[in-house]
Each structure stands twice: as structure tokens, then as C-alpha cells.
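Residues per chain are reported as follows:
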Amino acid sequence: MHCPILIAVVIWSSCVDSQKIRGISLSYKRFYRERKSFLCIDGSKLIPFDQVNDDYCDCADGSDEPGTAACPDGRFYCTNLGYRPHYIPSSRVNDAICDCCDASDEYNSHTACQNTCRNLGQRERAEVKSQMRALDQGLRLKQQLIEEGVLTWRDKQAQLRDLQRVLDDLQTQLDDLRKEDARRKKEVDALRELEIGALETEENSHRSHIMNESPVSIFYELDSNRDGRLSAKEVRAKLTDIQDGERVLSEDEAVALLGGGHHVDLSRFEETLWNSIRIGHNVTIRGRVPGRLVKGEPVLKAAVSAAEKAAAELKKVEDAYETVYMEIRDLREKLATDYGPEREFLFLYNQCFQLKVHEYFYELCPFNQVTQTSASGAEVSLGKWGSWAGSPQHRYSQMKYENGEPCWQGPTRNTVVTLTCGTETALRSVKEPGKCQYVAEFQTPVACRPALRQQGVHSEL
Amino acid sequence: MAAFIVRMGPVLMLWLAVCVSGSWAVDRGNFKTCDQSTFCKRQRALKPGQSPYRALLETLELTNTKLTLQLINDNNKVRLLLELYRLQGNMTRVKINELKPLKPRFEVPDVLINDPPTEPLSLLSQDENGMVLSLGADSQRLIVSAKPFRLDIMEGREVLLSLNSRGLLAFEHLRIRKDTSLYQIKTKVNSMWENIKWVFSSLADPEGAEKKEETDAASEQTEGEEATKEDEKVEDGMWEETFKSHTDSKPNGPTSISLDFSLPGVEHVYGIPEHADTLKLKTTDGGEPYRLYNLDVFQYELFNPMALYGAIPVMLSHSPQRTMGLFWLNAAETWVDISSNTAGKTVFGQMLDYVQGSSETPQTDVRWISESGIIDVFIMLGPTPTDVFAQYASLTGTQAFPPLAALAYHQCRWNYNDQEDVAAVDQGFDQHDIPYDFIWLDIEHADGKRYFTWDPHKFPQPKEMLQGLEDKRRKMVAIVDPHIKVDNSYKIHSEIRSRGFYIKNKDGGDYEGWCWPGNSGYPDFTNPEMRAWWASMFAYDQYEGSRENLYTWNDMNEPSVFNGPEVTMHKDAVHGNWEHRDLHNIYGLYVQMATAEGLIQRSGGVERPFVLTRAFFAGSQRYGAVWTGDNAAEWDHLKITIPMCLSLGLVGVSFCGADVGGFFKSPSPELLVRWYQTGAYQPFFRAHAHLDTPRREPWLFGPENTALIREAVRQRYALLPYWYQLFYHAHRTGQPVMRALWVEYPQDTATFSMDDQFLLGRDLLVHPVTEEGARGVTAYLPGNGEVWFDVHTFQKHNGGQNLYIPVTMSSIPVFQRGGSIIPRKVRVRRSSSCMEHDPYTLYVALSPKRFAQGELYIDDGHTFSYEKQKEFIYRRLAFANNTLSSRNLAPGSQFTTLSWIEKIVILGASKPSKVTLKMPDGKESQLEFDFDASMSVLTLRKPGVNAGVDWTVVLQ
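Quick notes on the rules
- Residues numbered from 1 in each chain as written.
- Chains lettered and ligands numbered in written order.
- Predicted model: local features only at pLDDT ≥ 70, side-chain atom pairs only at ≥ 80, totals over all residues.
- Heavy atoms only, no water.
- UniProt positions renumbered as here; feature names shortened; annotations may be inferred.
- Buried < 20%, exposed > 50% of the residue type's maximum accessible area, 1.4 Å probe, protein only.
- Helix = DSSP H or I, 4+ residues; strand = E, 2+ residues; numbered from the N terminus.
- Contact = heavy atoms within 4.5 Å.
- Polar contact = N/O pair within 3.5 Å; in protein donor to acceptor, adjacent residues only side chain to side chain.
- Pairing = 2+ DSSP bridges.
- Disulfide = S-S within 2.5 Å.
- pLDDT = per-residue confidence, 0-100.

By the naming in an unreviewed UniProt entry, chain B goes by Neutral alpha-glucosidase AB and is assigned to Esox lucius. Check the Pathway (unreviewed entry) section of the UniProt entry for chain B; it says "Glycan metabolism; N-glycan metabolism." The Sequence similarities (unreviewed entry) field of the UniProt record for chain B holds the comment "Belongs to the glycosyl hydrolase 31 family."

If you look chain A up in an unreviewed UniProt entry, it shows as Glucosidase 2 subunit beta from Esox lucius.

**Student:** Go over helix α10 (residues 528-536) of chain B, please, and point to the residues and values.
**Tutor:** Side chains of residues three or four places apart in an α-helix project in the same direction, reflecting 3.6 residues per turn. Residue and element names in this part refer to chain B. All of the buried residues in α10 are Met530, Arg531, Trp533, Trp534 and Ala535. Elements in contact with the buried residues of α10: β25 (484-485), α9 (491-499) and α12 (587-602). Taking the backbone nitrogen of Glu529 as reference, a side-chain oxygen 2.9 Å away marks Asn527 as the first, capping residue of α10.

**Student:** Report on the sheet that holds strand β27 (residues 518-521) of chain B, specifying residues and quantitative values.
**Tutor:** Residues and elements named next belong to chain B. Overall, antiparallel pairing links the three strands, which are arranged β25-β27-β26 in an open sheet. Across the chains shown, the open sheet's two edge strands, defined by having one partner strand only, are β25 and β26 (512-515). Here β26 runs beside β27; their pairing, made up of four bridges, is antiparallel. Within β27, the residue paired with Trp514 across the bridge is Asn519.

**Student:** Residues and numbers for the pairing of strand β16 (residues 437-444) of chain A, please.
**Tutor:** Residue and element names in this part refer to chain A. Across eight bridges, the pairing between strand β14 (residues 414-421) and β16 is parallel. Following the sheet pairing, Leu419 is matched in β16 by Phe442. Sheet topology places strand β15 (residues 426-434) next to β16; six bridges connect them, and they run antiparallel. Residue pairing for β16: Lys431 is matched across the bridge by Val439.

**Student:** Tell me about the UniProt feature "domain: Glycosyl hydrolase family 31 C-terminal" (unreviewed entry) in chain B, residues and numbers included.
**Tutor:** Mapped onto the present numbering, the UniProt feature "domain: Glycosyl hydrolase family 31 C-terminal" (unreviewed entry) falls on residues 734-822 of chain B. Overall, residues 734-822 of chain B shows 4% helix and 38% strand. The separation of its end C-alpha atoms is 20 Å.

**Student:** Help me get a handle on the UniProt feature "coiled-coil region" (unreviewed entry) in chain A, residues and values and all.
**Tutor:** Residues and elements named next belong to chain A. When the UniProt feature table is mapped onto this chain numbering, "coiled-coil region" (unreviewed entry) sits at residues 153-194 and 300-334. Counting secondary structure, residues 153-194 comes out at 100% helix and 0% strand; the distance between its end C-alpha atoms is 60 Å. Between the end C-alpha atoms of residues 300-334 the distance is 50 Å, and the span holds 100% helix and 0% strand.

**Student:** Pulling in residues and values, what's your account of the state of the cysteines?
**Tutor:** All names here are of chain A. Taken as a whole and judged by the stated rule, the model has 10 disulfides over all chains. Sulfur-sulfur distance for the disulfide between Cys40 and Cys59 comes to 2.0 Å. Torsion about the S-S bond of the Cys40 and Cys59 cystine: about -80 degrees, corresponding to left-handed handedness. With Cys40 in the loop between β1 (37-39) and β2 (46-48) and Cys59 in the loop between β2 and β3 (75-78), this residue pair connects regions lying 19 residues apart in the sequence. A residue is classified by how much of its surface remains accessible, and Cys40, at 1% relative accessible area, is buried.

**Student:** How would you summarise the pairing of strand β50 (residues 915-918) of chain B if you had to cite specific residues and measurements?
**Tutor:** All names here are of chain B. Pairing between β50 and strand β54 (residues 951-955): four bridges, direction antiparallel. Bridge assignment links Lys918 to a residue of β54, and that residue is Thr952. Looking at chain direction, β50 and strand β51 (residues 924-926) are connected through three bridges and run antiparallel. Paired with Leu917 across the strands is Ser925, a residue of β51. Following β50, the chain reverses through five residues before pairing antiparallel with β51; Gly922 in that reversal takes a positive phi of roughly 90 degrees.

**Student:** Describe in detail the confidence of the model for chain A, supporting the description with residues and values.
**Tutor:** Summarising the model, chain A shows a mean pLDDT of 84, and 87% of its residues fall at 70 or more. Between residues 1-19 of chain A, whose pLDDT stays under 50, and residues either more than four places distant or in other chains, the model counts five contacts.

Rendered as C-alpha cells:
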């Protein structure tokens, strides 16, 4: 078979190259086959091959010096066997600082770098392993939380519907009560107006008041023929229109005042005409001040109390309506919040997380606010829920809380919360890198993404 | 660090609220005008005219080293003693003190590096009107006129400078307060005492006769005083003065001094920093004088003569014929008036004068007024700018030679919050591949602003943190201010108190004032014992958590006293025998002096210190760097950095910088980038920001701005060999690093007022972009017949022209002078230490005559070995006759370097056929080369020779 031989040759030749050409990765080996001359990778210049890695920069792209610090923007490849290979700027080659764990960058700086790749690799693999475990567990937890979230979402939707129904009922009640209330109020107003009218008239006249008299005395005053009954005729003779004292009442008007009959006895009088006289709205006894109600009087009192009761009832229902309305609004608002593509962040709703940092006590209530309480007990808002603020690819990796308490001579406080994957949900750190600009780390399983597994695997290479 | 703000006690907050309310500008009302400073008002009320002073020629005494002569004020009969010295190096010193002061007047110590060596004066002629003395060199003569007293320094027939020509010499002699009953008793007791003393001394002392004379003179003086008592009216403010709520008790009464100087032929004067003003000083007629009084000014205003944090009482005068300097050695509050007979004239008017040939000579008149002390003036006669720098350096010393790393980039902020923050910023620089050498910690790092301590929560492991930086070959600066928290459990405080090292208040108790930690004491740094103790506090076993890579920053050392008059110390506070009034302006110098000494001592005298100070005085250049204090993120503040640092450079302080980005407020990304580009070409390169501003590390403004800032910082690092060499020069000779153009082109009047561009050394001209939205700048390239090369494109431009340069956001217009050779290290790394052994690239810019020269200085970069063991390399690089060579300039020195010459770029070259490298041992080799015909740039590939050896390259 040809294949094994071919592979062996390739491996052998690359071994030779890697001894010769420092600072390049496997994939770049093809550019550095030992020939008489070397073509800068950007094709700009052809130089003798012995000028590759001769500590002088010939190529504008730095490709002739992958293993030295000669080129300004060059890069050096740390092979880092046993750990992750990576590039460092070539300015870090032989600068007496160990950058590559295989010590390959410090081959000529008299700095004794240890090869730490094995240890690093082991440690990283262990770390990655535990990270992967945490990620797996986190993802499982996340799934649960998503499911919980779905239930919560349904609950909330149901709650919203219930509330809506209650609100509708309350609306109907409100309509009725408002009508009733208006009617009552109108009645009271009417009675009050009469009272005022009477007072005004009284001021202009010294005539005696009807209201101070009993229904019996008025009855007998009107009963001209003393037959113990009042006829329409008697009524027309003594009563007059309240607006126009000269006008004689018509027969019909008199009958109406008597409650529809042509005669009334005393008790019927008290139920019918007496009320009209007493209220003094339409008629009065000729030459006398019209009747008038005062607050102390039972009718007004009753009317006022009825109106108050109606108003109280209305208020009660209005309050109830307001409460339910607000609840619905809050709920709607909360349901309108972006809880992630799978509503995985919904479970954080109505939760708060605390952390003590030196003398300060921090509290993060996701989708609500961040606060800081000092040892003296003074609470300061570090921002109210603003929006998701991660990069376009990972929108849900950061939250922004804005418009907290204003700073002295400065802007308002705000907090950027970075979400990290972990098996627990907890506030991990809060810092203030710039005045009144806070950053927090918040760990939660729902920040775990399957993509992190790829990254972990990648770094394991 | 700021003047005042936040995180202080509630009392301070309240006071701040009053103080800070309203606009962003300085509250001028917090600071005195000349009218509000009673001595300035009294002195300024005195108008030019006939001087009351008369020289008593019969009192002349001339010795080998000096001339003394008495002066008498004919109004009050008080006598002064004039001392005249001819100093080596073309300087004249004039000292005037009271002949018999009631008690000694303050003479500023510790500024002069030694007793300036004198040269003999000789009397050429004398009559009853005066005398003529020879000043030795160049037919210079000093003419002393007797009545009125006046001095003129002449060279040939030309008057260089006159003293008291306007009759403004005024000396408020010490006196006993007359409006108290104590005075009557004292005068009686005094005369009795004099008599008794005379009796005893004449018996015991063989020189009694002489003493008798003195006594006579004194009593004569007293009589004189008596006689003219009525002439001296007691004015308000002579014995007590109130400004705002502060009363100055003035136990010594009026003590101010004043003297005028006339400078014929001079239209340009410079210096007397620190002011946020143009390079060329303005006339002060009808306005406020320039004030020198170290003050913590909150949000200072630009383009006015108000005092700022530091004071250097040195003025330079310049004309195409001559450059001179005046050094007024006085540390009390000082005001300087400048007037000019041409200042009011329009260009047309001046031209008319010229055409008509009729005009009077231009002349600048200067008047100095100080609150106390004596008149002690050094007249530096030049005649060239270089001579004046050397003369001033011979008096007060030169710029401290900083560790190389201090010339690199510094990252500062009030405050990096904790160790994690420091680590993250450090990491950020590596991630974005931006070099830096120092990260700084402001006041919040200390435990309750107790300097020399660390906040136990934020910085629990300072040594580990410093080790972390050391691992990257980087360093840290932590602030140590001179106000000490009054707290008995704080070691520094209790030691200073128990040793009696605090400044005292007028009643004898420890002076206390408000500053960052709350109630604070102020150590008396004028006391050498105090300074020695302070220095010992920097020992590694004293300053807990410190390591070799921790350096120091002295802020607030004006001193700043939040609740003091003008935010500083009461003038009647007491330093031993002297009032704070006498020495206010030198306090800050002593703080930096003691701190620098501490850093030297902790290393056993091996390592060079690095200390930044905000307050300064003449001589401060010997102790480290200064910065221009709490500026703001505004374009005009960016522009003013140039004249402010140029002015400091003219008077010895080369290591100057401004907060990159501006301290107060938040810069736009454009302003920040432009500031980095400007700061990268100024001596002290540090970004700094106020606590209340958003973070502004270089990578926070998007990748484009990050790249622009990275490029600016990299240009700085590549040029570090040149910067280092310039500082070596400044240290050796006193020549400024950042130079006004007129310094190198003293005949070119077009350069005299120029302060939007500057030179670094002689060879680089920088015209930074300091306009918002600029599309281009117009740079002036000086030197008729010279050429300049754009350092980025290598394009050649002729000198003696205004050159319009279109700019983009990446442009930093910098030009290399044809005729110069500049070494760079183009392999820019994480920190300057990492670049130590890197090879050099030489940029040879040919003059039109195909000539160039430069230097190369190399040492270990951080110790005194260059000085003590002569361990350095100092070489002359010269190109002539198509041959470039490196020759040793310091044969006595020895140092080996691993650095070599990797590339030689010759600008303005023609194409050779062959390039040969010749070594002293006769070995020859051919060098490969590359010639760019479009720009005439010849690049020699890899000479590979060690940077410390002789070599020659021949172009054929």
C-alpha cells in the first residue's frame, strides 16, 4: 500500500521543517519548503531562503520572520504540545516573558521558561470536563426551567383571562352604579337648590314660613268649606304657581297635585299635595313664602345618605376595577417582556438575588431593578430593567438596567448584568469599574447554551 | 487628581456645594487679584518716576568676589545693602537686603546647587555720580549711578539691561507696629539694650569699634525713621489682612519688595511658569500681573495670568541679537508686571517706524513684586539661548535623568478600583497589543487616604499585584500626598506628631486643615530632619506592600488645604523660624525632593527615582517630572499643553506633560485620539481621568480608534532611544527636551511667538493636530536652505516655508531635520523594558550638502551606574563624504550592550553602486541595500554591528 509510506514521508519532512522554521503552524508549512528562495506570502518580494528567520524583516507582511521579533506586525505560532496551540504577536518573542507554555517563544532571551503545557493541558482538560459536566447539568436544568416556564406562562395567560373576565363584570357593575350615583346626586342637588332658593326668598320677606307649620294646620287653612276634605276647587282658590304668583292653577294641575283625584282627606293630603307645598318646587299658598327643605329635614337627609351610599358603593367597585386593571396591565407588561426564545428566563420573574460585597449589599431582581444598600442602610437604585444588551449573536447574554439614582455631577447609575452558565442561579459579582457604571455577573443554568459545548470541545484540542 | 470633590465628609460636601455650584470654569472669586493682595496693591500703586534710593558711594567695598554698597532711601532714611557678584559663565547676581533688618529676612535655601563661583570685578572709574565696573568678558561693563540709584549692564555701547531705571525699587523695611502701646516700650528698651550691648562688647571684643559703627548706623537709621515717621502712613492690610473668611495676622507687618528691569531692544519675553497662557508673555498694562503662588486651582481657565500649581520665577528675554534670563530667587507670593513700548503698535505702525527710520527702540519693562524675603536676582546674560540654559543649569541644576521606562507610556485613572481592575487593565493592553510601562493608583488605593497604606479590601495583596506587573516587566506608581490624616492609630501621623515635624499654626499648635482624608496635618518638609525621616518611610520594610517596581506621585503639594485661604495654607503658619509666607512656593519642591531621596535610599543609592509632582519651584527639575495639573477634556486644553510645557522647558523643567484626554469631563473619541497623538510627542506621556468620568482605556472607543491610539503609542515607543538621549542631554547640559522653535532659530522672528508646534531636541519638529475636525494643518518649517523630511512618508520639504499638510485621523505631522541622525527601536513591545536588547534602526536625514550627524546614548536604563561607574555608551554618528560612521564620544566610559544596528535608512540619498561596512579590525563586508528612487530613500540591510562599537559604512 502506498498510503502509509506517503504519510510517513510527510511526517518526516514536516519534522525537518519544524526544526528549521520556527514559529509557524502546520498549515503554513507549505509556504516554507526549503528552496533557494522564499516568496513573501503576500507575494510582494522574493528573498533568498536563508533570510527567513534571520532576524531581519524583509517582507512587508512579516512572513519571512515567523520565528523572530523582527517584523512589526508578525505573529509567532506556539505549538504548545499537550495544550492549545496559539499565535502570539511576534513582539513577544524573546522579550524575557514566557508566553508559550512550551517556552518556544523565549529561545534567545536568557529567560528560563518551563514547559508548562502538560500541566496546563491537564488542568484545562479537567476544567473543561467539569465545565462540560456543569454545562450538561445546566442544560438539563434549563430544560426543566423552560418547561416550568411554559407552565408558568400558561398559568399567567389563564390568570390574565380570569382577570379580564372579572374586569368585564366590574365594568358592568360600574355602569349601573354610575347611573344610580348620578341619579342620586341629581336628586340631592335638586333638594339643595330648593333650600338655597328658599333662603334667598326669606331674606327678602318677613312672611311666615310654611315649613314651620304642620301639615294639619295647612290642611285646615286650605279646607275653606271645612268639610274635612280638600277639593280641586279649594286648591285652585288658595294655591298659586310659585313662579307667577298671579296665575291661577288649572283644574288639571290641581287634580294632579291631589294625586289624581278631585278630593283628598288629611292623610292623603300628607302624601300628595303637602309634599309639593313643602318642597315648594311648583306651588305655594298665595301670599306665603314657598316651602323649603333644610339638611336637617328628613327628605334631604335621606336623599344625601342614599347618595353617599351609592357613591361609596361606586368607589368600592371603582377601586376594585382599578386594582384588577393594574394587575392586568402589569401582567400584560410582564408577559410582553422578552424572556428569551424559549421563555427560559421567565422563571426569574418575581425573584430577587442578593450579594454582599464588602460593606455593600446588592440585590438583583431580574426584569425589575438592581439596588445597592450600604451598611448604614441607605438604598440606592442602580438601574431599572431596560433591555437585553448582549452582542447581536448572543443578545441574551447581557441585561441592561438603566436610569438608577443620578450621580453627583454625573449621569444616572446603570448596571450591565452578564449572564453566565452554571448549575445554580445566583448573583456572583457586582463591580463599579467607572463611577456609577456597575457590572454584575449573574449565573444561571438558562444561560447555558449547547454551543458552549462546541467551544469547550474546541479548547480541548 | 482633583482639587476637591466627593467622597469626603459631609462638611466638605456642603462646602463643595457652595464652591462648585454653577459653571465648569474656575471660581475666580476664590483667588486673589492684585488689588486683593494688599502688598501687590501697595506696590502697584507706586508709579514709575524718580527713585528715592541713592547709592552711598563712600560705602563701597570691593573684594575679589563681590562689591558691596549701601543704598539709602531719601524719604525714610532706611538703608539697604547692595551686593553685586560677577558669576562665572557670564552672569551677574544682584542682592539687596536691609542693611540692618529688625530680624533676618528669609533667603531661599536649597535651590542653588552650590555657592555660585564668582569672577573678580574691577573698578574702571568712579566719580561723585557713580562708577563703572568691568564685567570681564566681551567689554561688558556695569554702571552704577548714585542718584537716583540705578544699574546698567552694557556691552560695548549697547545697554543690555537696566535695574531701577523706572525707579520702582521698593523695600518695605521691617518695623515695629506703631499703633500699639507695645511699640513705645519696645523702642525704649531697644535703645537701652543697644547701649548696654555696646558697653559690654567694646570691653570684651577687640573688634568693638566696628560694632560701634554698626550700632551707630543702626541708631542713625532709627533716628531717620523717627524723623520721617509721619511720611509712613499705616495703610489697611499692612498688619492684618482679610480675604473672604480668612484673616492673615501678619505679625511682621509689611515686608514686600519690588524691583524693575528694562530690556532695551526686547519685544519677546517668556517663562515664569506656571500659567495657562501663550508661550510669549503678554503685557499686563491695565490688567492683572502674572502671579506666582502655588495654588490648587479647581478647573483652571485658559489664557490668563492667574497663578497655578507651580512657580518658577525665571524669565527669558529674546531678540534676534541676544537671549537673556532673569532669575528672581524668592519663594514668597510674587507678581510680575510686563509692559512694552511696542505692544500697542499695529504692524502697520511698526512698519511706518521702520520706513521712517525714526522709531524709538523697542523695549520691554518688567517689574517683580514679592511679599517678603530679599531681592536676589541672577542676570543671565546669554547671549544665546543655549548659553542661558547652561547658565541657569549652573545655578539650579539640570533635569533629573529619569529611568528609561518613565519616558514610555503611563496609564492612570482616578481610580483603578482594586487589584482585579489593575489586572484587567493590564490584560486589556496585552489583548489590544498596546504597550505601556506604568499603571497608576490615585488616592482611593490607600486605606482611608492614609498614604503609605493600602485599602485592605481593594488591595489586599499589593506585593502580589506588583509582582504580577513585574512579570510583564511593567511598573506602578502609587500616590503619596503631603497631607497626613490626623489619626492616632496611623503610624505616619503619630510619628510626625511625636517628632514635632508638623508645620505649626500661628499659635504654636500643629497646623491642621482639610484635605482628602478629612482633618490633616502638613509635615514641615522645609526641615531637613523631617525630609530625612520621610525618605526613610519609603524603605521596603517601612512602606508595606511596596516593591522595586513601585514609584511615587506627589499631588496636592502646593500645599492644598481645602478650607484654607485660596485653598492653600495660612501665610502665618510657622516653619521653624520662618513664616509660611516666606517660603510658600518652595514647599512643593521639598516634598518631591524628600520623596525622590526616599526612592534612591530604598535601593541603597543604586536606582534612579521617578517621582511626579504637581507643585514645583526653581530647582524642581532635579527631582523628577511635573504635569500641568487638573486640565479638562476640551480642545483648547489640548492646545495649551504646548505653550505650558514649552514655558517649563525654557526654565529647566524638561520632564513635563499634561493629562492625556483631559482630567475633568469626558473627551470625544476624536479629542482623545488627537490627545494621544500629541502626548506621544510630549515628554511626560500619561493618560489620566477624573473619578466621575466614564472609563476611557484606549480600547473602549471601537476598533478604529483603538488602532489610532495603538499607532500613536507605538510611535512613542519606537522613538524612545531618541527621547532617552534627549533627556541625557538635558541632564548633562540643561538644554530643554521640548523646545520652542526660536531656541534653535533665534534669528527667525517668525518663530518668536509660535506655540502650536515645537521641536524635540534640534532634530524633530512636531505640529500636532489640535483642531476638531481638522482637514489639514499649516506647519512652519524653519531654516532657509534647510530641508525637512516627513518621518512617515520620507517626503522632503524645504525649510523657511509654511507648509500645508492635509491630515486624516491617523496623521501626526512630524518632520526630521535634514542633517540629523535619529536612532529608533522599531520592534515595539509590551513595555520599554522588553525592548532593552533590541536592535536600532538609524534614520539618517541628509542635509542639502549631504551631511548629517547624531548621537547614540545607551546605558542600563535605570541605575546611577552611568554616573558612578561611567557605565554607558555615548557615540557620535556622522555622515559626510558618503561615509557614515560611529565614533566613541566618551572614551572613559564602558558599557556593553546586546543591541545592534539592524537597519540604516538614509533619506535624501542617491543610489550607490556598492555599500561597504568597515570594522576597525579591517574586516570589510558588502551590505545589501534597497533604493526607493521616488522618495530618494536608501535602506541598508542588516549591518548587524553591535551598537557600542566603532564602524564605518561607505557608499560608493
